[in-house]
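Chain and residue survey
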Amino acid sequence: MSELSQRPANPVVGESMPHEAARLHVTGTALYTDDLVGRTHAVLHAYPVRGEHAHARVTRLDTTPAMSVPGVVRVLTADDVPGVNDAGTRHDEPLFPSEVMYYGHPVAWVLGETLEAARLGAQAVEVDYTDLPSLVRVTDAIEAGSYQGAQPTLERGDIDSGFSSATKVFSGEFEFAGQEHFYLETHCSLAHVDENGQIFIQSSTQHPTETQDIVSHVMGIPANAVTVQCLRMGGGFGGKEMQPHGYAAIAAIGATLTGRPVRIRLNRTQDLTMSGKRHGFHATWKVGFSDDGLLQALDATLVADGGWSIDLSEPVLARALCHIDNAYWVPNIRVHGRIAKTHKTSQTAFRGFGGPQGMLVLEDILGRCAPLLGLDPMELRRRNFYAEGQATPYGMPVRHPERMEAAWSQVMSSADVDRRQQEIAAFNATHADTKRAIAVTPVKFGISFNLTAFNQGGALVLVYKDGSVLINHGGTEMGQGLHTKMLQVAATALGVPLSTVRLAPTRTDKVANTSATAASSGTDLNGGAVKNACEQIRERLAVVASGLLGVPPRDIRFEAGIVRGLGTDAEVSWEELVNKAYFQRVQLSAAGFYRTEGLHWDATTFQGEPFKYFAYGAAATEVEVDGFTGAYTTRRVDIVHDVGDSLSPLIDLGQIEGGFVQGAGWLTLEDLRWDDRDGPTRGRLSTQAASTYKLPSFSEMPVEFNIALLDKAHEEGAVYGSKAVGEPPLMLAFSVREALRQAAGAFGPVGASVNLASPATPEAVYWAIEEARAGGSNGLVIEGIPAKSTTSVPDTKPMLPNAERGQYGVPTGV
Amino acid sequence: MTDQPSALDVTVNGQLHTFADEIHTNLLDWLRSEGFTGAKEGCAEGECGACSVLVARPDGEGHTRWTAVNACLPPAAAFAGQEIITAEGLGTVDSLHPVQHEMALRGGSQCGYCTPGFICSMAAEYYRPERACGPDDAHAADGPEHGANGFDLHSLSGNLCRCTGYRPIRDAAFALGDVPDDDALGARRDRPAPEAVRTSYSCGGRRFVRPASLDEALRILQDEPGAVPVAGSTDWGVDVNIRSTRADLVVGLDRLPELRTLRETADYIELGAALTLTEIERTLDGRIPLLAQLFPQFASRLIRNGATIGGNLGTGSPIGDTPPALLALEAELVLAGVDGSRVVPLADYFTGYRQTVRMPGELIQAVRIPLPLAGITAFHKIAKRRFDDISSVAVGYAIDVADGVVRTARIGLGGVAATPLRATAVEAALEGKPWTADTARAAAAVLQQEGTPMDDHRASSKYRRAMLGTSLRKLYAETVSTEVAS
């Protein structure tokens, strides 16, 4: 057991406790950025002027009419940028563009005394555009060769000999949709400038340091003149990792120019149509199996639909490539990655960060091929699990593959899968119009930022003379319970009761150069840093206690606010010890730091050990599908998930359940539709409101929902033996999609391969049922045997958005 | 109705607050400007419930019902003289309300942004007078959406949470006990709700008027053709918030006594146009089975608490959920004008996309549903999401079968044309035929050809057509007792 992972006696970590702000949440007293507006004097409101073209050049911009609208104070344009006109880190995201790159791209911002005045002012600004050719569908971008960023290839083994040793070879194509974050709190920033010209920005941001960096380069001032604070976010999910910066910069420019606080809050339609989303992907693939269903070779090309700017698309693509294997050993593999440049919002981080997209490709392949291999999909999956001694395609040994097996066995048994499969078979035999199915899918997810430099965290721990403790760390709270865990870590490391510790909001002037709270790494990095800071203080205090209690410092123990010496009855209270230390002029504060050891990554060769460890999980989901409509319900979900030794079981449970339902939303319900017709609304997001973009609601909650944490899961490489939990459970939702596929298949003959669109809306499930009824998909061909023709699937689907095209088309032959 | 034309005083969490803003200011924005920032804007169109607050609404003679509504939709001016409770008013950090206690304890909040809205919706259900804890199996027959404590999860169908996956929220809801006798809001239920206040409020040249009588309302509408009549504002509020529509005069109809009666005669059941869908659902209590099947599928509880049946018909939308059901029930509308009223069959009411025979200045006063009711009724709603979604296709059925033969069939369709439709060709294909699988299949083929369904973000025309084709077969399968082996 490493020092990092070792827990003292009676630790506060491991206790199940509600979210630290739960009482504030339920009483409506927890403050979010926009709640500060009414508490701030003389705030100006910002409203965007937006280009309603998929792609166009701005030929004239006249702001003067806006200035005659009552209440309009100022119009911000590119001329007002004192530094660099760029909202990103790659200089491809002009804050005030001269070219509209997606429908609704803001070209100017109006500041008004009221939001209404700013809105009317924005309406009055006159802009002329010249339309330019646009690419909306990812397939059009592929055809046009419109790519951006790196084009990596992940390769291991010999792909040709892999296919020649395979006895069954299939190929296909799969295009699947992205996902809107739909954090309940939209993007929001509130900026003001103090008497020294210091810019203070309150922002709903997952990455305060980068918000600070961008504001600094837009304003042309050093980082020490910008402070960013995030009280908390009303959800982030990756959508506030990269995207808040531009809005913060607009607010900063406005506050600097007017001397008044400036607020930007996007309304829901603006947020949906301006902010980036999970990348949709297009994949082509060819896979080879042995007779007994073992994967021999996989050759695939993954194209991420990146939207108009590069944003985080490169690392998202990297993670997709690094997770296409999921939990499976693929001896020979070659995966090409591309990022399409399209005239859509700039797609960005979203819980799982490409991992879900990579894994979906292979899970889809297994789901489609299992009937053709004559294997139960569960058996096909289990047979291909990694074994001890095997490595990922990028050359990283798969540590603890037995935990995958353990999670799988545990869920098979707790969910009583074998017995229920018999019940389902009996049900299906007696119900012509309703079918049920159960599917089990695994998750193996790598933890750490792929980019090694981001794997560092900082903290500042202050112990006051009365013994009370205030902790600051670089992570942000978006509902995931990070602050709760950090309080538990500090109380454990200092050996004090939880009530002794308070936590201050995340601010860049407390902890500098922080990493985004992302990649599930918030607890690993900031927990390591908080623990480190607390230990520095504890070691100093141990020396003081040694003098008081007459035992060597190494024999001093801190527990629940009492400090004892081993082998003596003498003890001193934490408060008394702290007070004594102060008078001995011992420093009672410390800056903590943590860096994840042992990581390396070569982005050119796509080889290395980018992850500290893997998180494992398995889910068993049962669905019921109505053959008349394709509508379905999730009857029961059982999950066994690996969180290491949980720091905070109630918090972890919430992450697992919430991640699962969010993943199920992506795969089954949430339906992004861009208008890809020629015409004035080309490029417009059609599902741009809560009434048209549907999130899971109570009706999507599984009727029965059982979650268990994997036993004996201690993780050596992380704080107090825990594991990251933010992202991995999202991918447990593959079990819902696969259960739907199997239930649709149950309407057809045994052995029918079923092609299921993603998201698997009732309509998509209905077409899958129709396909199964007609005998299955022609989406796959066996090497050397011509494809069957299909009759059941509509030959044209004009209404389906681009994001679903291809799924119904005829896949490529071998 | 009391008369209080000048001051717009609203009681929030027991304290009097004065409204003096633009008339398009919705209740949420006003509450937030008064410092009640617990309620949040999540969508500004009544879909997410982050803005939910409690309003004291009349509940029969002398009683009050705490009713949760979306604060983002109605104009604040519509709340003159009313009592509102927000999450801040239910309890404090040191003294949590039972609903807050259960939610906090069980992990019901993660980011916390949707939480105050959930708290208010949950509190409304906590205080619902008909809810009562019983033995564990007391509500088992009500299905998995009901707790042993009588809690109906549909009360939360208008609240979205992006973090939790809902399970802990359900557990919190199902853990609530009965309302103790000394609970102040519980006791408030036994006193009358505030009366509606006759209002004439203007700001910046724009007015909100709440007339005291139907006659007064009709006079205003006749004199001022630009006036926008609103009831629950669940449609108008979306126009104001999302499409930035502004009106010079908004006329509040939702509390007019003449529009709020529900009566049954020998020939029909009459539903007042300004009754909310929740009020109708509760008062009818299953009396009209087709509507009982429809209501839980109509938007969400939060919307049904505000939305009126007259409003759903007044907008003339082709995808409103009540028209297909009311067409099948052969409903009639009572249209009132200054010169008197007239009765129009609903089948003749819709004339084009969002166009009806209702003349300027006319109001829907009531909906009449003729008696007796047909024996077989059903409401089929095709949508992406089971709770709180807009239908791609909706079909209402009212079929009378005697001695195995279809005597009458009435079928209403929504979502497949510019207006709601009666499927008369299908009705003809059924009537006089034996009620068998073959008849259903033959009529289903006719139904599949009805309307002119289109492609949009909700569904493809192909799917809409396919759903028309399967609906009648599904109905038949539902009416025969058990399914047969495939």
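Residues numbered from 1 in each chain as written. Chains lettered and ligands numbered in written order. Predicted model: local features only at pLDDT ≥ 70, side-chain atom pairs only at ≥ 80, totals over all residues. Heavy atoms only, no water.

Chain B is annotated in an unreviewed UniProt entry as Xanthine dehydrogenase small subunit of Flexivirga caeni.

Named according to an unreviewed UniProt entry, chain A is Xanthine dehydrogenase molybdopterin binding subunit originating from Flexivirga caeni. UniProt's Sequence similarities (unreviewed entry) comment on chain A is quoted here verbatim: "Belongs to the xanthine dehydrogenase family." (UniProt positions renumbered as here; feature names shortened; annotations may be inferred.)

Let us look at the overall build of chain B. Helix and strand content of chain B: 16 helices and 21 strands. Relative to the globule expectation of 23 Å for 486 residues, the C-alpha radius of gyration of chain B, 23 Å, shows essentially globular dimensions. The dimensions of chain B, computed from C-alpha atoms along their principal axes, are 65 × 60 × 45 Å. Of all 486 residues assigned to chain B, the portion counted as buried reaches 60%. Counting contacts in chain B only where the partners sit at least 6 residues apart, residues at least 24 apart contribute 64% of the total. (Helix = DSSP H or I, 4+ residues; strand = E, 2+ residues; numbered from the N terminus. Rg over C-alpha atoms; globule rule 2.2 N^0.38 Å. Buried < 20%, exposed > 50% of the residue type's maximum accessible area, 1.4 Å probe, protein only. Contact = heavy atoms within 4.5 Å.)

All names here are of chain B. Taken as a whole, chain B is organised into domain 1 (1-195), domain 2 (260-370) and domain 3 (376-484). If you average the C-alpha positions of domain 1 and of domain 3, the two centres end up 37 Å apart. Counting residues at the interface gives six residues for domain 1, matched by four residues for domain 3. Taking both partners together, domain 1 and domain 3 bury about 450 Å²; carbon and sulfur atoms supply 48% of that area. Taken as a group, Glu47, Glu145 and Ser157 account for 66% of the area that domain 1 buries against domain 3, more than any other trio of residues on that side. Summed over the shared surface of domain 1 and domain 3, the number is one salt bridge. The shortest N-O distance in the salt bridge between Arg386 and Glu145 comes to 3.6 Å. Viewed at the interface, domain 3 and domain 1 are joined by zero residue pairs in polar contact (both at pLDDT 80 or more). Here the residues of the side of domain 1 that touches domain 3 sort into one nonpolar, three polar and two charged. (Domains from an automatic or database assignment. Buried area = accessible area lost by both parts, 1.4 Å probe. Salt bridge = Lys/Arg side-chain N within 4 Å of Asp/Glu carboxyl O. Polar contact = N/O pair within 3.5 Å; in protein donor to acceptor, adjacent residues only side chain to side chain. Nonpolar A, V, L, I, M, F, W, Y, C, P; charged D, E, K, R; others polar.)

Below, the discussion takes up the interface of chain A and chain B. On the side of chain B, 79 residues touch chain A, which itself brings 85 residues to the contact. Between chain A and chain B, a total of about 6600 Å² is buried, with carbon and sulfur atoms accounting for 57% of that surface. Taken together, chain A and chain B are joined by 11 salt bridges. Residue A:Asp626 pairs with B:Lys474 through a salt bridge whose shortest N-O separation is 2.9 Å. Counting the contacts that link chain A with chain B gives 35 residue pairs in polar contact (both at pLDDT 80 or more). Of all the secondary-structure elements, those providing two or more residues to the side of chain A that touches chain B are helix 1 (22-26), helix 3 (115-124), helix 8 (268-274), helix 13 (417-430), strand 16 (434-447), helix 17 (649-668) and helix 19 (762-773) of chain A. With eight residues, the top contributor of residues to the side of chain A that touches chain B is helix 17 of chain A. Here the residues of the side of chain A that touches chain B sort into 35 nonpolar, 30 polar and 20 charged.

So, about the sheet that holds strand 22 (residues 562-565) of chain A. In a beta sheet, neighbouring strands pair by backbone hydrogen bonds and run either parallel or antiparallel. Residue and element names in this part refer to chain A. Taken together, the three strands give an open sheet; going across it, the order is 21-22-23, and neighbouring strands pair in antiparallel fashion. On the outer flanks of this sheet lie strand 21 (556-559) and strand 23 (571-573), each paired with one strand and no other. Neighbour to neighbour, the strand axes of the sheet diverge by 20 degrees on average, direction disregarded. Where strand 21 meets strand 22, four bridges bridge the pair, whose relative direction is antiparallel. Within strand 22, the position partnered with Arg557 by the bridge is Arg564. Those strands touched by helix 16 (residues 574-583) are strand 21, strand 22 and strand 23, and its axis lies near 85 degrees from that of strand 23. (Pairing = 2+ DSSP bridges. Axes fitted to C-alpha atoms, helices over the stretch in contact; angles between N-to-C directions.)

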